[in-house]
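# Residue-level structural notes
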Amino acid sequence: EQQRLGRLRRLPAQLLGGEAVELQANLELPAELPLVAQAGAAGIGLLRTEFLFINADIMPDEAAQAATYRAVVDAMGGDCTTIRLLDWGGEKQSEALGAAGFTAGGGDLNPALGLRGIRLLLQHPAVMETQIAAILRAALGGPVRILLPMVTTVSEFREARAVYDRVVRRLRRKGIRLPDPLPPLGAMVETPAAAIGAEALALEAQFLAIGTNDLTMYTLAVDRAASEVSRLFEPLHPAVLRLIGMTTDAALRSRRPVSVCGEIAGNPLAVPLLMGMGLRSFSMNASAVPRVKQAVRGVSLDDCRRLARRVLDEADADGVSRLVTAFAAR
Ligand code: PEP
Ligand code: MG
């Protein structure tokens, strides 16, 4: 089995009809970089930058951040690295961030609904500016995209865009060399509001990345970390799938790249369904890439589309699970 998966690494990620699919890795720690290459992932679809801040007792400065991002960009050897700005949430706290006054309401009753992600960043533009400047430096080494976490409204995206533009202007004024073209700025779609409003968001954002972990949590009102309700946490619930579908349709209509980077993207049973819905780009734990590639290579686009149409009639996640399982076993 291990050998067979190893051989897969050199084969292209494509459907039976030859249509290309992009399989990328989510990266949480630079230590996982060797795994990305081993798995045969085509770049990083989601670099979670929280690791830089989580155990730090001082705020990492621009140079330190730039060096870390640059190491990842270099390791990708020309494949794209999508770097997400700090996605800090109500329950996450750190010495460095606390000392810098960058704390999200940890005592709030509903931290997931509180000051987090882009909301928190916009309250601390200096943190955001430092991170963007560091990313721009790293982007001199290869293709990079910048991703905003937990966007719910278009106005948040516009505000973040203004911060990005300001950083670019400041660096230009100082005569600092900038990557050309500049890294595109995209939005995570991980709240129902972002998915329902994806049409408007796609006019502003240069790309969309669907985060199904939080999207499932907010859609089904199920805390992704609460064990008492873990049984109810179902990314294959038809309500979640419809929001993924709306986002995908909106992105395709606006000709914006769209990808999925939640855990569902690493599920070989779910990926044919997602391809049937129009998605062609998936970012997952590196270890999932070979199995997902195998699933992609074994199906035709027509069959995936038929599967996606049938799933529309299902009332609950169990029904969807049965269909995708039967599809894989056919
Ligand atoms: C998600 O919410 O699906 C996602 C990819 O982001 P994270 O898991 O880091 O919240
Ligand atoms: Mg998320």
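As annotated in an unreviewed UniProt entry, the protein chain carries the name Phosphoenolpyruvate-protein phosphotransferase and comes from Rhizosaccharibacter radicis. The heading Subcellular location (unreviewed entry) in the UniProt record of the protein chain holds the text "Cytoplasm". Taken directly from UniProt, the Cofactor (unreviewed entry) text for the protein chain runs: "Mg(2+)".

### Structural notes on the nonpolar core
Ranked by size, the top nonpolar core spans 98 residues in total, and within it I135, A187, V189 and L208 carry the most contacts. Sort the elements by how many residues they give to this core and helix α7 (residues 125–138) lands first, with seven residues.

### Considerations on the pairing of strand β3 (residues 81–84)
Here β3 shows two buried faces, one formed by T81 and I83 and the other by T82 and R84. Direction of pairing for β3 relative to strand β4 (residues 144–148): parallel, over a ladder of four bridges. By the bridge assignment, I83 is partnered in β4 with I146.

### Observations regarding the site of ligand 1
Residues in close proximity to ligand 1 include L46, R48, D87, E190, G211, T212, N213, D214, C261 and G262, which together make up its full environment. Of all the elements in the fold, those that place two or more residues in the shell around ligand 1 are β2 (44–48) and α11 (212–220). With three residues, the top contributor of residues to the shell around ligand 1 is α11. Across the shell around ligand 1, the residue classes tally to two nonpolar, four polar and four charged.

What counts and how
- Residues numbered from 1 in each chain as written.
- Chains lettered and ligands numbered in written order.
- Predicted model: local features only at pLDDT ≥ 70, side-chain atom pairs only at ≥ 80, totals over all residues.
- UniProt positions renumbered as here; feature names shortened; annotations may be inferred.
- Core = buried A, V, L, I, M, F, W, Y, C linked by C-beta atoms within 7 Å.
- Buried ≥ 20, exposed ≤ 12 C-beta atoms within 10 Å, placed from the backbone.
- Helix = DSSP H or I, 4+ residues; strand = E, 2+ residues; numbered from the N terminus.
- Pairing = 2+ DSSP bridges.
- Near = placed C-beta within 6 Å.
- Nonpolar A, V, L, I, M, F, W, Y, C, P; charged D, E, K, R; others polar.

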